[in-house]
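Chain and residue survey
Read off the chains here:
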Amino acid sequence: MYDYDLLVVGSANADLVIDVERRPAAGETVLGSDLAVHPGGKGANQAVAAARLGARTALLARVGEDAYGRLLLDSQRAAGVDTAGVLVGGAPTGVALITVDPSGDNSIVVSPGANGRLTPADVRAAGGLLHASRVVSAQLEIPLETVVEVVRNLAPGSRFVLNPSPPRPLPAEVLAACDPLIVNEHEAKVILGGAGASGEPEDWARLLLAKGPKSVVVTLGSEGALVASAEGVFRVSSVKVAAVDTTGAGDSFTAALAWRLGTGSALAEAAAYAARVGAAAVTRRGAQESFPTAREVEALGCADPGDALPTPGRESDGVPGAARRGDAL
């Protein structure tokens, strides 16, 4: 019935990465490493992560007619992603400026570029892709009205997964479609507003669920994650890994979760698998080049059976990490 296990509708950026000893304070200049350029963007990252795991994946995005756009298209095709939905032109390719400190944590500033020109009309024109996809995943590095249009054009029976990053209040129409809504601590509090200012993570999960999503995943760094649905709220534990760079790990988590849900896995089971994917990703530098294959994820799950499963972290940019050996996030 479906040609694709996962359609990702979202951003495609060139990641410009500099390693720093520490991130600068306001008005301060620090020296960093040589500049490294990698294919990135939350949408493009998710598509590559899912394809690496073996999912039949397509991407609906927009890039510029420039060198960065060609870099992104080449990366998608190399991973096996169907790029028929990637539109070219209208603005320069989006760029993310990323600093990474010695602990592997990062700070990110995004210039949307062509991502801001992915319009509701583009979504309507891609109706064939939407109706051919078992699961559709989106983020908020593209215009919110475009995400709303995705929800309105979902095929009957398909599943919608949203990571609202960068976070903003969401219309009821979008919240009601989410299955699940995937948030970290910062994103949860933005969406909840004053209602999420206090309380425990279990409270956030229940409050988010009351806003309309069919299910919710709240990621909690070294404390693991919570999955919430009509069946209740459950914890998924974390694993200790030697984290090198958390860039893109949250995208790999979301992609893996979306794909496994489409195969029929229960939410907690899918989150546990996705957590292993995210943990594997933080052990290598970069975003897309760090994403594991299914065989590598299986090896991680068997490498240290005494450890619990990994989960994404709390970073305010939405990029999850995993508990480090001897050091929590």
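Computed from a prediction, not measured in an experiment: that's the story for all the values here.

1. Quick word on the packing of aromatic side chains
All told, the structure shown has one aromatic pair when counted by the stated rule. Seen in terms of ring centroids, tryptophan 259 and tyrosine 273 are 6.3 Å apart; in terms of plane orientation they differ by 65°. Their pairing is edge-to-face. Highlighted residues: tryptophan 259 in helix 9 (residues 249-262) and tyrosine 273 in helix 10 (residues 267-281), separated in sequence by 14 residues. Cation over ring: arginine 260 sits above tryptophan 259, and NZ or CZ is 5.9 Å from the ring centre. If you follow arginine 260 out to its NZ or CZ, it ends over the ring of tyrosine 273, 4.0 Å from the centre.

2. Here we look at the sheet that holds strand 12 (residues 225-229)
Read from one edge to the other, the open sheet built from nine strands follows the order 5-4-1-8-9-10-11-12-13, with strand pairing classed as mixed. The open sheet has two free edges, formed respectively by strand 5 (86-88) and strand 13 (232-236), since each of these has just one partner strand. Each neighbouring strand pair of the sheet contributes to a mean axis angle of 15°, computed without reference to strand direction. With three bridges joining them, strand 10 (residues 178-183) and strand 11 (residues 216-219) adopt parallel strand pairing. Counterpart to leucine 181 in the pairing with strand 11 is valine 216. Along the sheet, helix 1 (residues 42-53) makes contact with strand 1 (4-9), strand 4 (57-63), strand 8 (133-139) and strand 9 (159-163), crossing strand 4 at roughly 160°.

3. Things to note about helix 8 (residues 201-210)
Buried within helix 8 we find Pro201, Trp204, Ala205 and Leu208. Taken down its axis, helix 8 places every buried residue within 100° of arc, on the same side. At the exit of helix 8 stands glycine 212, carrying a positive phi of roughly 130°.

4. Some details on the side chain of glutamine 46
Within the secondary structure, glutamine 46 sits in helix 1. Judged by its relative accessible area of 0%, glutamine 46 is buried. Polar side-chain contacts of glutamine 46 include one of 3.4 Å to the side chain of glutamine 139. Non-local contacts of glutamine 46, meaning those with residues more than four positions away in its chain, are made with Val8, Ser137, Gln139, Asp251, Thr254 and Ala255.

5. What about the nonpolar core?
Looking at soluble globular proteins, one finds that nonpolar side chains tend to be buried together. Of all hydrophobic cores here, the largest spans 50 residues; its most connected members are Leu53, Leu59, Val217, Phe253, Leu257 and Tyr273. Among the elements of the structure, strand 1, helix 1, strand 4, helix 2 (67-79), strand 12, helix 9 and helix 10 are those that each provide at least two residues to this core. Looking at this core, the element that brings in the most residues is helix 10, giving ten residues. Apart from the residues lying within four places of it in its own chain, the contact partners of valine 217 are Pro180, Leu181, Ile182, Val183, Leu226, Val227, Phe253, Leu257 and Leu267. One finds Leu7, Leu181, Val183 and Ala188 within the second-largest nonpolar core, a separate group that totals 41 residues.

6. Describing the environment of glycine 116
As for its placement among the helices and strands, glycine 116 is situated in the loop between strand 7 (106-111) and helix 3 (120-125). Judged by relative accessible area, glycine 116 falls into the partly exposed class, the value being 38%. Distance in space between the C-alpha atoms of glycine 116 and serine 11 is 8.6 Å, their sequence separation being 105 residues.

7. What to know about the confidence of the model for the protein
In the predicted model, the protein carries a mean pLDDT of 87, and 90% of its residues have values of at least 70. Throughout residues 303-321 the model reports pLDDT below 50, and contacts reaching past four residues in sequence, or to other chains, amount to 80 contacts. Long-range and interchain partners of residues 323-329, a stretch whose pLDDT sits below 50, account for 26 contacts in this model, where long-range means more than four residues apart.

8. A word on the packing of helix 9 against helix 10
At a closest axis distance of 8 Å, the pairing of helix 9 and helix 10 adopts a crossing angle of 150°. Here the hand of the crossing between helix 9 and helix 10 comes out right-handed. Along the contact surface, helix 9 presents Ala249, Ser252, Phe253, Ala256, Leu257, Trp259, Arg260 and Leu261, while helix 10 presents Leu267, Glu269, Ala270, Ala271, Tyr273, Ala274, Ala275, Val277, Gly278 and Ala281. A class-by-class count of the residues in the contact of helix 9 with helix 10 yields 14 nonpolar, two polar and two charged.

9. A look at the packing of helix 1 against helix 9
In a packed pair of helices, the relevant descriptors are the angle between the two axes and the axis-to-axis distance. Two elements in contact, helix 1 and helix 9, have axes separated by 8 Å at closest approach and are oriented at 55°. As judged from the angle between their axes, helix 1 and helix 9 are oblique. As helix 1 runs across helix 9, the sense of the crossing is right-handed. Along its contact with helix 1, which presents Lys42, Asn45, Gln46, Ala49, Ala50 and Leu53, the element helix 9 presents Asp251, Ser252, Thr254, Ala255, Ala256 and Trp259.

10. What about the environment of alanine 228?
Inspection of the secondary structure assignment puts alanine 228 in strand 12. Residues alanine 228 and alanine 205, 23 residues apart in the sequence, show an inter-C-alpha distance of 6.2 Å. Among residues more than four places away in sequence, those in contact with alanine 228 are Ala205, Leu209, Ser215, Val216, Val233 and Leu267.

11. Side note on the sheet that holds strand 2 (residues 13-19)
The mixed open sheet is built from four strands, whose spatial order is 3-2-6-7. The two strands at the open ends of the sheet, each matched to only one other strand, are strand 3 (36-40) and strand 7. Each neighbouring strand pair of the sheet contributes to a mean axis angle of 25°, computed without reference to strand direction. Summarising the sheet, strand 2 and strand 3 pair through five bridges and their orientation is antiparallel. By the bridge assignment, alanine 14 is partnered in strand 3 with proline 39.

Thresholds, definitions, all that
Residues numbered from 1 in each chain as written. Predicted model: local features only at pLDDT ≥ 70, side-chain atom pairs only at ≥ 80, totals over all residues. Heavy atoms only, no water. Phe/Tyr/Trp six-rings, centres within 6.5 Å; stacked < 30°, edge-to-face > 60°. Helix = DSSP H or I, 4+ residues; strand = E, 2+ residues; numbered from the N terminus. Lys NZ or Arg CZ within 6 Å of the ring centre and 35° of its normal. Pairing = 2+ DSSP bridges. Axes fitted to C-alpha atoms, helices over the stretch in contact; angles between N-to-C directions. Contact = heavy atoms within 4.5 Å. Buried < 20%, exposed > 50% of the residue type's maximum accessible area, 1.4 Å probe, protein only. Arc of directions from axis to C-beta. Polar contact = N/O pair within 3.5 Å; in protein donor to acceptor, adjacent residues only side chain to side chain. Core = buried A, V, L, I, M, F, W, Y, C linked by side-chain atoms within 4.5 Å. pLDDT = per-residue confidence, 0-100. Left-handed = near helix turned anticlockwise from the far one by under 90°. Nonpolar A, V, L, I, M, F, W, Y, C, P; charged D, E, K, R; others polar. Parallel < 35°, antiparallel > 145°, perpendicular 65-115°, else oblique.

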